[in-house]
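Close look at the chain arrangement
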Amino acid sequence: MLAGVAGSALLLAGCTTDSGPAAGAAAARAASAEPVKTSPDPGVVVSRDKDRESTAGAPDNFTGDVSIQPLYTGDENSESASDVRFSARARTVWHTHPDGQRLIITEGTGWVQEWGKKRITVHEGDVIWIAPGVKHWHGATRDSAMAHTAVTYAVDGTNVHWLEPVTDDQYLGGKREQRA
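Residues numbered from 1 in each chain as written. Predicted model: local features only at pLDDT ≥ 70, side-chain atom pairs only at ≥ 80, totals over all residues. Heavy atoms only, no water.

1. A short note on the overall build of the chain
A tally of regular secondary structure across the chain gives three helices and 14 strands. Relative to its 180 residues, the chain shows a buried fraction of 34%. Within the chain, counting contacts between residues at least 6 apart in sequence, those at least 24 apart form 72% of the total. (Helix = DSSP H or I, 4+ residues; strand = E, 2+ residues; numbered from the N terminus. Buried < 20%, exposed > 50% of the residue type's maximum accessible area, 1.4 Å probe, protein only. Contact = heavy atoms within 4.5 Å.)

Given below as structure tokens:
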């Protein structure tokens, strides 16, 4: 999802805790315009906002206007995160995550609903954990936009299983659904 971020990331190095002449040389390098790599492992990698393009949410996976900006990704068995912005009435389809998902509401008011349970209203600052395999949806309310940071965990390269759309009756009613 974040292909190319490593290539566009800025590597910062040159800080050291050594003392003596080597420390002076390191400080001089750190003050220069060019970053200096002091070891084979990156010390600090910065992924610039301008280098991570937002994309529209795929119509097969979202209803309404949704934009997704990747924040970071790992290998096929690690976590990734995205900033997801929903206009009023926008939402995901029903879906599950093989290793769970964490949502951090960063703006607005939204709804999250587990299959078979009542819809829950969430607000800026709320943090939601969705356990592995739990069928759910989330999105904005009918009157408010909502944004969240979504952190997902992959299993064998898969972090989500998309299912059927949330109907308008399900979305607006927030009622219990029959267990699948």
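2. Let's talk about the nonpolar core
Counting 15 residues, the largest nonpolar core has Val66, Val84, Phe86 and Ile128 as its most contacted members. When residues of this core are traced back to their parent elements, those giving at least two are strand E5 (66–72), strand E6 (79–86), strand E9 (101–114), strand E11 (127–130) and strand E13 (146–153). In terms of residues, this core owes the most to one element, E9, which gives three residues. Apart from the residues within four sequence positions on either side, isoleucine 128 is in contact with Gln101, Arg102, Leu103, Ile105 and Val122. Counting residues in each nonpolar core, the second largest holds six residues, with Trp94, Trp111, Trp137 and Val166 among its members. (Core = buried A, V, L, I, M, F, W, Y, C linked by side-chain atoms within 4.5 Å.)

3. Some words on the pattern of salt bridges
Once their charged atoms are close, side chains differing in charge can pair, the charge on each being opposite to the other. Applying the stated criterion across every chain, the model contains seven salt bridges. A salt bridge links arginine 85 to aspartate 83; the shortest N-O distance between them is 3.1 Å. Relative accessible area serves as the criterion here: at 34%, arginine 85 is assigned to the partly exposed category. (Salt bridge = Lys/Arg side-chain N within 4 Å of Asp/Glu carboxyl O.)

4. Quick notes on the environment of glycine 74
Residue position: glycine 74 is located in the loop between E5 and E6. For glycine 74, a relative accessible area of 40% gives the class partly exposed.

5. A few points about the side chain of glutamine 69
Note on placement: glutamine 69 falls in strand E5. Residue glutamine 69 is classed as buried on the basis of its relative accessible area of 10%. If we ignore the near neighbours within four places in the chain, the residues touching glutamine 69 are Asp49, Arg52, Glu53, Ser54, Ser82 and Asp83.

6. Observations concerning the pairing of E5
Sheet analysis places strand E3 (residues 55–56) next to E5, joined by two bridges and oriented antiparallel. Each residue of the ladder has a partner; that of alanine 56, found in E5, is serine 67. As paired elements, E5 and E6 share six bridges and run antiparallel to each other. Bridged to isoleucine 68 within E6 is valine 84. Hairpin connection, E5 to E6: the antiparallel pair is bridged by six residues. (Pairing = 2+ DSSP bridges.)

Any functional reading would require information beyond the geometric quantities listed.
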